[in-house]
Amino acid sequence: MLKDFSQILKEIDDDIHTLSQVELKQKYLSKSGVISKMFKELKEVPDKEKSEYGLKINQIKTLIEDNIKNRVEEKLEDKPLFKIDPTAPFDINSKKDKKPHILDLRGSSHPLMQELEKILDIFQRMGFNILESRQLDDDFHMFESLNFPKGHPARDMYDTFWTDDNFVLPAHTSTMQNRALRKFGPPPIRVVLPGRCFRNEATDASHEHTFYQIEGIYVDKDISFANMLATIKSYLEEYLEKELEIRVQPAYFPFTEPDAEFVISCPFCNKSGCSTCHYSGWIELMGCGMIHPNVLNSGGIDSQIYSGFAWGVGLDRLTAIKRGITDIRKLRDGDINFLRQF
Ligand code: DAH
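Please read all numbers here as calculations on a predicted model, not as lab measurements.

A. Inspection of unusual backbone geometry at higher detail. Here the residue pair glycine 185 and proline 186 is connected by a cis peptide bond, since its omega of 0° sits within 30 degrees of zero. Here the residue pair proline 187 and proline 188 is connected by a cis peptide bond, since its omega of 10° sits within 30 degrees of zero. Tracing the backbone through its elements, the reader meets proline 188 in the loop between α9 (177-184) and β2 (189-198). Look at asparagine 147: it is not a glycine, yet its phi comes out positive at around 70°. Along the chain, the position of asparagine 147 falls in the loop between α8 (139-142) and α9.

Below is the structure:
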C-alpha cells in the first residue's frame, strides 16, 4: 500500500525533464497532488517508521520546489526583460514624422527564414519532427547533459554570454538534444532543431556573434556512421540541387564519439577552385558524429539498446553559399537595399 520511494524518485526525474512548471506544480504540490496524498498516507504508517517516512516526503517536496524555483521559464515570467512603451512618439500618418516609402511598408520574409523554410520542408518530407530551440538556457542543457562535466576544458570552445543569474545564451543548438530525446523518445527519434545561437566572437565576413544553426538527431536500433553520411548527403543534395562528393575529417566534440567534420565538394566549381571554396575545391560544412552514450543515457535513452547520430549546421553559412552572399554580417545589419534583393 505504501509508496516505493525509489519508484517515485524515478518518476520525478522523468517529470522534471518533461513537464512544464505549471504541470509539475499541479501534479505534485497542489491540494490533490502527490505530496499531499503521501502526507495523508502517513496516518497508516506504523509509528516507528513515521518520522523516516515524513522526512522522505519533505525531501521530495523540497526537490520539486527547488526545481520549479530554478526553471528558466519561471524566472522569465517573473521578470519581464524590458518594458515596451506603447506610447512611443511615432505616428505613421503624421506629416511631422517621415513617412516610410510604400516599398518599405510591404515587407517580405528575411532570406534566412526563406532558406530555413526550404530546409525544414526537406526534413519533414524525410520524416523528421521539428522543435525550435530557445534563446536563453541553463548550464545543464548547454554543458552537463552534453557530457561536458564542470571544469572540462572543452567548455572553453564555447565562449558565450551569461546572465547575472547564471543563465546562458546558447552557443549551439546541441543544447536541445536532451529535451528532444526526452520529448520524442522512446526511439525511433528523428528531429531537427533550428534556433538562434550566440558566441563571443570577433566578427568578420564569415563570423558573427549571433547566427542560426540547425541541429539534427536520429536515434534507433542499429544506427551506424554510414546511415549518418547517407542522411546528411541526401539532404544537402536536395537542398543545393546538385550531386555532391563528400568526405569526413576528424574533429572533437564531447557529445559525439566518433566525431567528424562533414566536407562537401564545392557545388559551384565542381572542385576546380573558386572564391566560395577558397580555391580548395571542398567546403567544410558542419560538425557531426555518433551521439555519445552518456548523452543518450542522460536523455533517458538506453545506450545499450539504441544508437544514433547528430549534426549541427550553420544556417547563415548555408544561406550565404546558396545565395552567393560574400559577407554573412549582411544577414543581420538590416540594410534595406540588401534585403530588397530577396
Ligand atoms: N554543436 C557543434 C558546434 O556548434 C556542432 C555539432 C557537432 C553538432 C557534432 C552536433 C554534433 O550535433 O554531433 O560546434
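Back to the text.
B. Seen up close, the site of the ligand. Close to the ligand lie 16 residues; His172, Ser174, Arg199, Gln213 and Glu215 are nearest. One of the side-chain nitrogen or oxygen atoms of serine 174 is found 2.9 Å away from a nitrogen atom of the ligand. Side-chain polar atom of glutamine 213 to an oxygen atom of the ligand: 2.9 Å apart, as the coordinates give it. Expressed as a share of its isolated accessible area of 350 Å², the protein-covered part of the ligand is 94%. Counting only elements with at least two residues in the shell around the ligand, the list comes to β3 (210-220), β6 (282-291) and β7 (307-314).

C. Spotlight on the pairing of strand β5 (residues 256-265). With respect to burial, β5 is a largely interior element, eight of its 10 residues being buried. Bridge analysis of strand β4 (residues 246-250) against β5 gives five bridges, and the strand direction is antiparallel. By the bridge assignment, valine 248 is partnered in β5 with phenylalanine 262. Counted along the chain from β4 to the antiparallel partner β5, the turn is five residues long. Bridge count for β5 against β6 is eight bridges, and the pairing is antiparallel. Its bridge partner lying in β6, phenylalanine 262 is registered against methionine 286.

What counts and how
Residues numbered from 1 in each chain as written. Predicted model: local features only at pLDDT ≥ 70, side-chain atom pairs only at ≥ 80, totals over all residues. Heavy atoms only, no water. Helix = DSSP H or I, 4+ residues; strand = E, 2+ residues; numbered from the N terminus. Near = heavy atom within 4 Å. Polar contact = N/O pair within 3.5 Å; in protein donor to acceptor, adjacent residues only side chain to side chain. Areas by Shrake-Rupley, 256 points an atom, 1.4 Å probe, with all protein chains shown as cover. Buried < 20%, exposed > 50% of the residue type's maximum accessible area, 1.4 Å probe, protein only. Pairing = 2+ DSSP bridges.

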